[in-house]
Each structure stands twice: as C-alpha cells, then as structure tokens.
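Listed below are the residues making up each chain.
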Amino acid sequence: MHRKLVLTAIIVLILSISGGIGTGIVTAQDPPPPPPDGGGGNPPPPPDGGGGGPSGTTDFGSAMTAELDITSFETFGDALAAQVAAGDGAGIDMFFRNSGVVINEEAGTYFAVNGVHPVNQGDYSSYYPKSIVEASLEDDSIVNVYSFSSVNGHDVDMEALSWGPSPEYLYIGDEYNYIYEMELATGTITREWNLADIGVSTGTDRGIEAMTYSPVTGYFYAGIQDSGEVHVLDLGLDSDGATVTLIETWPLPQGWAPSGLYGHPDGTIWAVSMSGGGGSGQQMIFHEEADGTLICAISIPAALNMTRPDGIIFDSTDENIYIVDSQGPINNGFSLYKVAWTNPC
C-alpha cells in the first residue's frame with residue numbers, strides 16, 4: 001500500500017477511537033468502544049427509568065423487516081460535554097443526557113436537549129440548570145445555549161425536540177407532559193400546552209419522550225413512554241392561545257415505546273424505540289403511516305454500541321439519518337450518530 005494511504009488510514013483509525021477533534025468518522029469495522037464494566041461513579045439508572053421492562057414483540061406482521069446499514073457514520077458530543085463542564089447538571093449530573101435532536105442545515109448546526117434522570121435515586125430536581133444546546137456540525141463546538149431551571153414556576157424535564165411550521169420557534173416535549181414553544185432569537189418560552197388537558201397522566205419521568213411535527217398533516221405527534229402510545233395533537237398555532245386538541249392515538253408495536261419521532265415530508269412518521277433493557281436486539285426504528293400503520297421495522301445493529309436510542313431525524317435529502325444516544329457518554333460512547341442512509345426497506 002502507498003505510504004500516504006497507510007498514514008491516512010492510521011489517522012482515521014486514531015480519530016475513530018478517540019472521538020477525534022469534534023467528530024469522529026468511523027465505519028462498521030471500527031465501532032465505538034464497548035461499555036465499561038461498571039466501574040466509576042455516577043452510574044446510569046436502568047435505561048427506561050425504572051427496573052427494565054418486558055421485551056417487545058419481534059412479530060411485525062406483514063411489515064417489512066431489515067437492519068440499519070452502519071457502514072458509514074459520524075459521531076458528535078464534544079459540545080455537549082463542554083456544556084456540562086460549563087455548569088449543566090449543577091455539578092451532580094456529570095453527563096449531558098441528550099434526549100432529542102433537530103438540525104438546521106442552513107446554519108450547519110444540530111440542537112440537543114439535556115434530559116433529567118435520577119442520578120440519586122428518586123431525585124429529579126437537583127440537577128438544574130439543564131440546557132438545550134445548538135452545536136456546529138462542522139467541528140462540534142457550542143453555538144448557542146438555552147438553559148432552564150424551571151418554566152412558569154414548575155420543574156422541567158425536557159426530553160424531545162421538534163421544528164414546527166416556522167423556523168423562528170423550537171418545540172420541546174417535557175416528561176411532565178408539557179409542550180413548550182421557544183423563540184430561538186431570545187430563548188423565551190412563549191407558550192406552553194399541558195397534555196393533562198386531554199387526559200394524559202403518567203408516572204414521574206415517563207411522560208413525553210418523543211415529539212415531531214408533520215408538515216403534511218399540520219399536527220404534532222407526542223410519544224408517551226409510560227403507555228407506548230403516540231398522541232396526534234392540534235396545538236392551534238394559528239390562534240393566540242394554548243389549547244391542545246387530541247386528534248387520535250395509536251400505539252407502537254406491543255412492548256415498544258417511542259423514544260424519538262420524525263415527521264417526514266412525505267407524510268409518514270419515523271420512530272426510534274427500545275424495549276426491555278435496551279440491549280442487543282432491543283433497539284428498533286419503525287417506519288409508519290401517519291395513522292400508525294407499520295410499514296417497516298429496522299433493527300439497530302449491536303455493532304453500533306448504542307445504549308439508549310432517544311431521538312431521530314433525517315436531513316432534507318434523505319442522505320443521512322441522525323440518531324441520539326442519551327446514555328452513550330456514560331458508556332464511553334457518543335451522544336449523536338449521523339448515519340449514511342441507505343433505506344434498507
């Protein structure tokens with residue numbers, strides 16, 4: 001092999017293992033390091049926030065099944081680690097537990113949200129501030145930070161991010177079952193919707209886990225961890241108020257709960273999900289019609305070494321899919337994966 005090619009291969013391998021400067025470009029032959037054996041402080045809680053759950057069905061009826069192609073992917077997380085060093089988690093939660101993602105292709109940035117998890121058993125309120133970070137897709141550096149210790153007098157556990165019809169606002173799903181509208185220019189929460197108004201009631205840390213907006217239907221889709229259901233919602237954005245109307249509800253396949261949702265411009269919905277403890281064979285991407293009818297079930301290979309897939313979005317050309325891992329950094333992994341999309345089904 002030519003010396004220049006050998007040197008290039010060595011450099012790419014080093015960046016793959018170390019995470020690089022900002023991002024690491026890796027291949028299926030060079031996966032992220034495996035989870036550690038449990039040493040060190042600040043251990044993660046079980047991935048579902050409780051004691052683990054039953055494994056989901058592997059019988060997807062007439063829907064197609066496939067495996068995600070991970071031949072080519074990039075990883076991100078340096079900006080999120082830098083935000084923890086800057087004070088996120090109050091020096092108690094030492095990991096940015098990214099739970100959602102949207103991207104701004106024009107600006108070349110991604111947005112991530114730091115979810116609240118009980119580092120100390122049963123404690124959900126000692127880790128503020130928690131932040132939404134906008135970071136560069138070029139060098140994984142911080143571009144903007146929006147930090148929160150509360151909203152309108154109540155605790156926050158922001159877990160899901162979505163664009164709406166206007167690029168001026170970001171919409172945030174919270175595990176306390178609120179949806180927030182945040183003005184990007186100021187970081188101000190301009191409106192909030194309480195899903196208790198439509199009868200949603202869940203256990204602590206088991207509310208809205210995923211959310212997206214469909215430009216085709218004009219509705220928001222909120223995934224509930226406790227029930228495994230997706231609620232289709234009209235937030236009445238054209239009005240001045242904050243009234244939420246339930247359009248319909250549908251479940252993911254039995255035993256699977258939505259961790260991330262994406263409303264594709266073709267009108268379909270994509271969901272990333274995990275079941276049981278979230279280990280090998282328990283991480284899936286579901287492609288569904290807007291009414292929840294399953295089109296295809298795509299397994300995430302164990303070789304990607306994800307701990308908890310927790311957010312999903314495509315770029316505008318369907319060339320790449322972005323998948324969040326909320327517990328990746330805890331296990332020597334990464335917060336965000338950009339995977340070259342080959343549409344396996």
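The shown structure was predicted, so the numbers you read here are calculated from the model rather than taken from an experiment. Within every chain, residues take consecutive numbers counted from 1 along the sequence as written. Predicted model: local features are reported for residues with pLDDT of at least 70 only, side-chain atom pairs are reported and counted for 80 or more only, and whole-chain, interface and lining totals are derived from all residues. To obtain the side-chain values, all non-hydrogen atoms of the structure were used and water was disregarded.

Two rings from Phe, Tyr or Trp (for Trp, the six-membered ring) form a pair when their centres sit within 6.5 Å of each other. Planes less than 30 degrees apart are called stacked, planes more than 60 degrees apart edge-to-face, and all others tilted. By the definition in use, this model includes 14 aromatic pairs. Between Y178 and Y180 the ring centres are 6.0 Å apart and the planes differ by 5 degrees, which places this aromatic pair in the stacked class. Grouping residues by exposure puts Y178 and Y180 together as buried. Relative to F314, the ring of W270 has its centre 5.0 Å away and its plane inclined at 55 degrees; by these criteria the two rings are tilted. Taken together, the positions of W270 in strand β17 (residues 269–274) and F314 in strand β20 (residues 309–314) put the pair 44 residues apart, joining distant regions of the chain. Burial here depends on accessible area, computed with a 1.4 Å probe over protein chains only, as a share of the maximum for the residue type. Under 20% is buried, over 50% is exposed, and the range in between is partly exposed. Every helix listed is a DSSP run of H or I at least four residues long, and every strand listed is a run of E at least two residues long, numbered separately from the N terminus.

What follows is about the sheet that holds strand β6 (residues 130–136). The sheet built from 4 strands is open, its strands ordered β4-β5-β6-β7 with antiparallel pairing. Every other strand in the sheet has two partners, leaving β4 (98–104) and β7 (142–148) as the edge strands with one partner each. Strand after strand, the sheet turns through a mean of 15 degrees between neighbouring axes, direction not considered. Of the strand pairs in this sheet, β4 and strand β5 (residues 109–114) are connected by 5 bridges, and their pairing is antiparallel. By the bridge assignment for β5, V101 is matched with A112. Sheet strands in contact with helix α2 (residues 78–85) are β4, β5, β6 and β7, and its direction is about 45 degrees off that of β7. Should DSSP find at least two bridges between two strands, the strands are regarded as paired. Every axis in this analysis is a line fitted to C-alpha atoms, fitted for helices over the stretch in contact. Angles between the N-to-C directions lie between 0 and 180 degrees. Whether two residues are in contact is decided by their heavy atoms: any pair within 4.5 Å suffices.

All right, on to unusual backbone geometry then. Cis geometry is found at the peptide bond from Y128 to P129, where omega equals 10 degrees. With respect to the helices, strands and loops of the structure, P129 is situated in the loop between β5 and β6. Even without being glycine, A90 reaches a positive phi, approximately 60 degrees. Relative to the helices and strands, A90 is located in the loop between α2 and β4.

Glancing now at the confidence of the model for the protein chain. The quantity called pLDDT is the predictor's confidence in a given residue, expressed from 0 to 100. On average, residues of the protein chain score 87 in pLDDT, and 84% of them are at 70 or above. Low pLDDT (under 50) marks residues 1–51, which in the prediction has 82 contacts with non-local residues, meaning those over four places away or in another chain.

What follows concerns the pairing of strand β12 (residues 208–213). Burial within β12 is extensive, with 6 of its 6 residues counted as buried. The loop that links β12 with its antiparallel partner strand β13 (residues 220–224) comprises 6 residues; one of these, G218, has a positive phi angle of about 80 degrees.

Attention now goes to the nonpolar core. To qualify as a nonpolar core, a set must consist of buried Ala, Val, Leu, Ile, Met, Phe, Trp, Tyr and Cys residues joined through side-chain atoms within 4.5 Å. In terms of nonpolar packing, the biggest core is built from 58 residues, with Y110, I132, F148, M158, M182 and I285 touching the most fellow members. If we ignore the near neighbours within four places in the chain, the residues touching I285 are L68, W270, A271, V272, C296, A297, I298, I300, I312, I321 and I323.

So, on to the pattern of salt bridges. Each salt bridge in this description consists of a side-chain nitrogen of Lys or Arg and a carboxyl oxygen of Asp or Glu lying within 4 Å of one another. One pass over the full model with this rule turns up 7 salt bridges. Among the ionic pairs, K338 bridges to E74, the shortest N-O distance being 3.7 Å. Residue K338 is located in strand β22 (residues 336–340), and its partner E74 is located in strand β3 (residues 72–76); the two are separated by 264 residues in the primary sequence. Between E209 and R308 there is a salt bridge whose closest N-O contact spans 3.3 Å. Here the residue E209 occupies a position in strand β12, and R308 occupies one in the loop between β19 (294–299) and β20, the gap between them amounting to 99 residues. E209 sits in the buried class, given a relative accessible area of 1%. Salt bridges linked by common partners bring D93, R97 and K130 together as one network.

So, on to the state of the cysteines. Throughout this description, disulfide means a covalent bond between two cysteine sulfur atoms. Defined by distance alone, a disulfide is two cysteine sulfur atoms within 2.5 Å. For the structure on display, the rule yields 1 disulfide. Residue C296 pairs covalently with C345 via a disulfide, S to S 1.7 Å. Looking down the S-S bond of the C296 and C345 bridge, the torsion is -120 degrees, so its handedness is left-handed. With C296 in strand β19 and C345 in the segment after β22, this residue pair connects regions lying 49 residues apart in the sequence.

Here the focus is the sheet that holds β12. The strand order β12-β13-β14-β15 describes an open sheet built from 4 strands, whose pairing is antiparallel. The open sheet is flanked by β12 and β15 (245–251), the only strands paired with a single partner. The mean angle between the axes of side-by-side strands here comes to 20 degrees, regardless of whether they run parallel or antiparallel. Bridge count for β13 against strand β14 (residues 229–234) is 4 bridges, and the pairing is antiparallel.

This part covers α2. Restricting attention to buried positions, one finds in α2 the residues A79, L80, Q83 and V84. All buried residues of α2 fall inside an arc of 145 degrees around its axis, so they share one side. Phi for G87, located one or two positions after α2, is positive at around 130 degrees. Directions are taken from the helix axis to each C-beta atom, and the arc is the one they span.

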